[in-house]
Amino acid sequence: MTWWQGEDGSSRDLVVVLTALPLEADAVRRRMRNVERRRHPSGTVFDVGELPDVRTKVVLVITGDGTKEAAVITERAIETFRPAAVLLVGVAGSLKDSVGLGDVVVAKRVHCYSGGKETAAGLLSRPRTWDAGYRLLALTYDLDVDWPDEAPRVHHKPIASGDTLLASRSGPLSTLLNERFEDAVAIEMEGAGVAISAQQRETNALAIRGISDRADERKQAADASGSQERAAANAAAFAVALIAAFAGTLRKVKPVPGHPGGEILAARLGGAVTSLCFGPGRTLLAAALSGPIRRWRLDDGEELPPIHAATWMPPRYGVRVAASPGGGPVVVRDGYQLRALRPDEPDHPPVSLGGVTYPGELYFASTASYALLSWATIFRLRSTATGADLLSFTAVAASISADESTLAVAKGLVSGGRHVQVYRLRPGQNPVPTGPPIELHQAAGMALQIALSSDGAMLGGMTARWAGVFDVERGVPIMPRSGGGDLWSQFFPEAMGLVCTPRGRLLHMSKGRVLQLDVNSRDDAPFLPGGGGYRRLVLSPDGLLATGDASGWVRVRPWQD
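This text gives an overview of the structure that appears in the document. Here the structure is a predicted model, which means the values were calculated and not measured.

**Comments concerning the overall build of the protein chain**
When helices and strands are counted, the protein chain shows 8 helices and 41 strands. Residues counted as buried form 53% of the 561 residues belonging to the protein chain. Counting contacts in the protein chain only where the partners sit at least 6 residues apart, residues at least 24 apart contribute 58% of the total.

Right, dumping it as structure tokens:
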């Protein structure tokens, strides 16, 4: 047992506070109690203590000036203490007239401006940007701060970070910032280093900066007037209030995982389940390697007339069916044709969605207005009303939300599908990208599968080495974890079903077992009975979980999210 562990051997709830200057560290240390000094074998000195009325331990360390120094010390602190969060606290220079001396800037993102390529035409910028840790940022908008003096203004804005000390508004760096980083309101020298180390170690991180000067020719005069001490004190006060709020979230009882209820439907097909989906009017549709598509009404369990569709040859590719709980037609692969039909409306003619050009068609989904089809890495979004192509793209994986509001596409075949572009869908209109792609973890490996929640608000992703859930609107991870799927899933995507619930829980299949993501562990525990025979996993918007297995059993259970 090491000194930062609890009696049960588990890691304590720690927050690491990094500062570049001794005066910044002093502003934090003055608010700490029971401080003990710990020395790393490399010589780095850590001050470990507590805050009044906050049980979470605080580790304080001085990094020195510069991004490289900050990156090294951040990595060392995370490796040593395994903290719940990392805060960079100190002073910065203002880049905007609206941000005055003594104000506090909470960095929504950190821009590293120093990358570039020098050409005959001039410097071509190659910047990098990191978003703030969402769990920390979300707490900063309504904090009760014990300010040392008059309350300053608090700005939630991006900052610029690099190894150049800006003390002039007429030089090339100032021009670069104005042209390429117009949204940055402050400049400092350590944020980029902290951000890259925290990202690589999947640790929540946030920079809090007090404004000590205007990053111009008057910097020395401002420092001499005591502005640094005032700015550092304000930043420290805000950081202490944030640590107290963050500690409150850590001390809460761990949320109970989602769980299934008792079976409300159990039926057996004539072979291994190849397709499973919820349909309009609270129905369930299932298909096997051969035979008709069977249907059940979930309110009373009554079996409805089946849908007869030919099997694509060779038979091992099986029957395919997709439908939407929100209504619309049922999409089937009928021999060599794809059709959208309404089985309970015989007078309504089916709509052709084109011929089958690739035998596998490993991905197949449908909503009331759209059909999402794939041939290897070629995906097409088609209208179920007309059969017209609305969007075509190459991708590793794709997902469409049940409410047909959102489409997510894991693009970038060379990079393994780590760039997930999100589109907003409006029936009758072309899909519209929402903004820059959501970036999966840099070391994630191939994006084996992605899955949107039924309302399009959450995006789950899983690779062979990483798993997590993203807030789609903000594009930030809310539940990352190292350790993901298995190699079987990597080469055979259908071996792993993936479901993202509206509350951000991630359900998946690995080697035929149904698992729920445990963010605190690399090993997810099975939560459904049986061995490794599960083949399909789907969740309805109203909370029903359906599974299909290799022996042909189809089962439906209520899901408590």
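Still more to cover.
**Describing the nonpolar core**
In terms of nonpolar packing, the biggest core is built from 36 residues, with L87, L206 and I208 touching the most fellow members. A total of 13 residues in this core trace back to one element, the largest contributor, which is helix α7 (residues 227–250). Sequence-distant contacts of I208, defined by excluding residues within four places in its chain, comprise L87, L88, V89, G90, V104, V105, A235, F238, A239 and L242. V61, V99, A186 and A198 belong to the second largest nonpolar core, which has 27 residues in total.

**Comments concerning the sheet that holds strand β22 (residues 351–355)**
Within the open sheet, the 4 strands sit side by side as β19-β20-β21-β22. Their pairing is antiparallel. Each edge of the open sheet is held by one strand with a lone partner, namely β19 (321–322) and β22. As judged from the 5 bridges shared by strand β20 (residues 330–334) and strand β21 (residues 337–341), these two strands associate in the antiparallel manner. Pairing of V332 across the sheet is with R339, part of β21.

**Some remarks on the side chain of D103**
If you trace the backbone, D103 turns up in the loop between β5 (85–94) and β6 (104–112). Judged by relative accessible area, which is 6%, D103 ranks as buried. Among the polar contacts listed, one links the side chain of D103 to the backbone nitrogen of G100, at a separation of 2.9 Å. Of note is the side chain of D103, whose polar atom sits 2.9 Å from the side chain of H155. Not counting residues up to four positions away in its chain, the partners in contact with D103 are S98, P152, R153, H155, R209, G210 and I211.

**Looking at the packing of helix α2 (residues 67–81) against helix α5 (residues 191–200)**
At a minimum axis distance of 7 Å, the contact between α2 and α5 shows a crossing angle of 35°. When you trace α2 past α5, the crossing you get is right-handed. Residues T67, A70, A71, T74, E75 and I78 of α2 form the contact with α5, whose participating residues are A192, G193, V194, I196, S197 and A198. Counted by class, the contact of α2 with α5 contains 7 nonpolar, 4 polar and 1 charged residues.

**Brief notes about the pattern of salt bridges**
As enumerated under the stated definition, the model contains 27 salt bridges in all. As a salt-bridge pair, R209 and E24 come within 3.8 Å of each other at their nearest N and O atoms. With a gap of 185 residues between them, R209 in strand β12 (residues 204–213) and E24 in helix α1 (residues 22–29) connect regions that are remote in the sequence. Given the relative accessible area of 1%, R209 is considered buried. With relative accessibility at 2%, the residue E24 sits in the buried group. In this structure, the salt-bridge partner of R297 is E302, at a minimum N-O distance of 2.2 Å. Salt bridges sharing common partners tie together E24, E188, E190 and R209.

**Let's talk about the packing of aromatic side chains**
For the coordinates displayed, the defined rule picks out 3 aromatic pairs. Measuring from centroid to centroid gives 4.9 Å for F46 and F81, while their planes differ by 85°, and the two rings are edge-to-face. Taken together, the residues F46 in strand β3 (residues 45–51) and F81 in helix α2 connect sequence positions 35 residues apart. In terms of burial, F46 and F81 fall into one category: buried. The ring centre of W553 lies 4.6 Å from the NZ or CZ of R555, which sits over that ring.

Conventions we followed
Residues numbered from 1 in each chain as written. Predicted model: local features only at pLDDT ≥ 70, side-chain atom pairs only at ≥ 80, totals over all residues. Heavy atoms only, no water. Helix = DSSP H or I, 4+ residues; strand = E, 2+ residues; numbered from the N terminus. Buried < 20%, exposed > 50% of the residue type's maximum accessible area, 1.4 Å probe, protein only. Contact = heavy atoms within 4.5 Å. Core = buried A, V, L, I, M, F, W, Y, C linked by side-chain atoms within 4.5 Å. Pairing = 2+ DSSP bridges. Polar contact = N/O pair within 3.5 Å; in protein donor to acceptor, adjacent residues only side chain to side chain. Axes fitted to C-alpha atoms, helices over the stretch in contact; angles between N-to-C directions. Left-handed = near helix turned anticlockwise from the far one by under 90°. Nonpolar A, V, L, I, M, F, W, Y, C, P; charged D, E, K, R; others polar. Salt bridge = Lys/Arg side-chain N within 4 Å of Asp/Glu carboxyl O. Phe/Tyr/Trp six-rings, centres within 6.5 Å; stacked < 30°, edge-to-face > 60°. Lys NZ or Arg CZ within 6 Å of the ring centre and 35° of its normal.

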